[in-house]
Amino acid sequence: MMVETREAGLAAANRRMVRRLLLVTAAMFGFGFALVPLYDVLCQVTGLNGKTSGRVAVVEPMKVDESRTVTVEFVASLNLGAPWEFAPQVTRMQVHPGQFYQTHFWAKNLTNQPMTGQAIPSISPGLAASHFQKIECFCFNHQRFQAGEGRQMPVTFRIDPELPPDVRTVTLSYTFFQN
């Protein structure tokens, strides 16, 4: 009798432990799943990690600071094994804050079938993300390419003159992903 009661108590304790472990596992999975969107929202709000808003900047007149130049570097990358060719037209440009500039990136579908891609921007240093204003950008939309098609894709931008003076170089980096 005593052995049966002890075994029943042990079995009940084991069931409670299994339920608790399953609950903790589900909570950890849910937290991990929610972490990515939460991180994206945090980065968009604060400009951390060079995330940009992904919106067209308002085109308002702005005083051009001709006494100052900022070097803007352009970087293009692909995820490993991506069937694309992707590169900036120029790798660096000297700009005056407040003035509009345009450059292009080249992309080509290297497959024999139509594909859609999306460019995800990042700006470094992260502090500069809120001062980098894109007026036109291929990154705003998915890009559809026919088999073997390549094309120039424009980026029109300006640097806000409110960019802190100690920031002399801003890097605009795009990673091109297949959708």
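Check the entry above for the structure.
Keep in mind it's a predicted model, so treat the numbers as computed, not measured.

**Student:** Got a minute to help me understand the overall build of the protein chain in this structure?
**Tutor:** Regarding its fold elements, the protein chain presents 1 helix and 9 strands. Put simply, the protein chain runs from its N terminus to its C terminus through helices and strands in the order α-β-β-β-β-β-β-β-β-β. Considering the protein chain as a whole, with its 179 residues, one finds that 32% of them fall into the buried category. Taking the contacts inside the protein chain whose residues are at least 6 apart along the sequence as the reference set, 75% of them involve residues at least 24 apart. Of the accessible surface of the protein chain, which amounts to about 11200 Å², a share of 60% is contributed by carbon and sulfur atoms.

**Student:** How should I be thinking about the sheet that holds strand 5 (residues 115-124) in this particular structure?
**Tutor:** Each strand in a sheet pairs with another by means of backbone hydrogen bonds, the pair being arranged parallel or else antiparallel. Taken in spatial order, the 5 strands line up as 3-1-9-5-7 in an open sheet, and their pairing is mixed. Every interior strand has two partners, whereas the edge strands, strand 3 (92-95) and strand 7 (143-145), have only one. Ignoring strand direction, the axes of neighbouring strands in this sheet form an average angle of 25 degrees. When strand 5 meets strand 7, the two strands line up antiparallel, connected through 3 bridges. Pairing of M115 across the sheet is with F145, part of strand 7.

**Student:** Any chance you could explain the environment of Q152 here in plain terms?
**Tutor:** Mapped onto the elements, Q152 comes out in strand 8 (residues 150-159). Taking the relative accessible area as the measure of exposure, Q152 reaches 41% and is therefore partly exposed. Along the primary structure Q152 and F105 are separated by 47 residues, whereas in three dimensions their C-alpha atoms are 5.6 Å apart. Contacts of Q152, omitting those with residues within four sequence positions, involve Q89, H104, F105 and W106.

**Student:** Before we go on, may I ask you to explain unusual backbone geometry in this structure?
**Tutor:** Excluding glycine, residues mostly carry a negative phi; peptide bonds, for their part, are mostly trans. With an omega of -5 degrees, the peptide bond running from S124 to P125 counts as cis. When you line up the elements, P125 lands in the loop between strand 5 and strand 6 (132-137).

**Student:** In this structure, what is going on with the sheet that holds strand 8? I would like to understand it.
**Tutor:** Overall, antiparallel pairing links the 4 strands, which are arranged 2-4-8-6 in an open sheet. Edge positions in the sheet fall to strand 2 (84-88) and strand 6, since each of these pairs with one other strand and no more. Taking the axes of each pair of neighbouring strands and ignoring which way they run, one obtains an average angle of 25 degrees across the sheet. Sheet analysis places strand 6 next to strand 8, joined by 5 bridges and oriented antiparallel. By the bridge assignment for strand 8, E136 is matched with T156.

About the thresholds
Residues numbered from 1 in each chain as written. Predicted model: local features only at pLDDT ≥ 70, side-chain atom pairs only at ≥ 80, totals over all residues. Heavy atoms only, no water. Helix = DSSP H or I, 4+ residues; strand = E, 2+ residues; numbered from the N terminus. Buried < 20%, exposed > 50% of the residue type's maximum accessible area, 1.4 Å probe, protein only. Contact = heavy atoms within 4.5 Å. Areas by Shrake-Rupley, 256 points an atom, 1.4 Å probe, with all protein chains shown as cover. Pairing = 2+ DSSP bridges. Axes fitted to C-alpha atoms, helices over the stretch in contact; angles between N-to-C directions.

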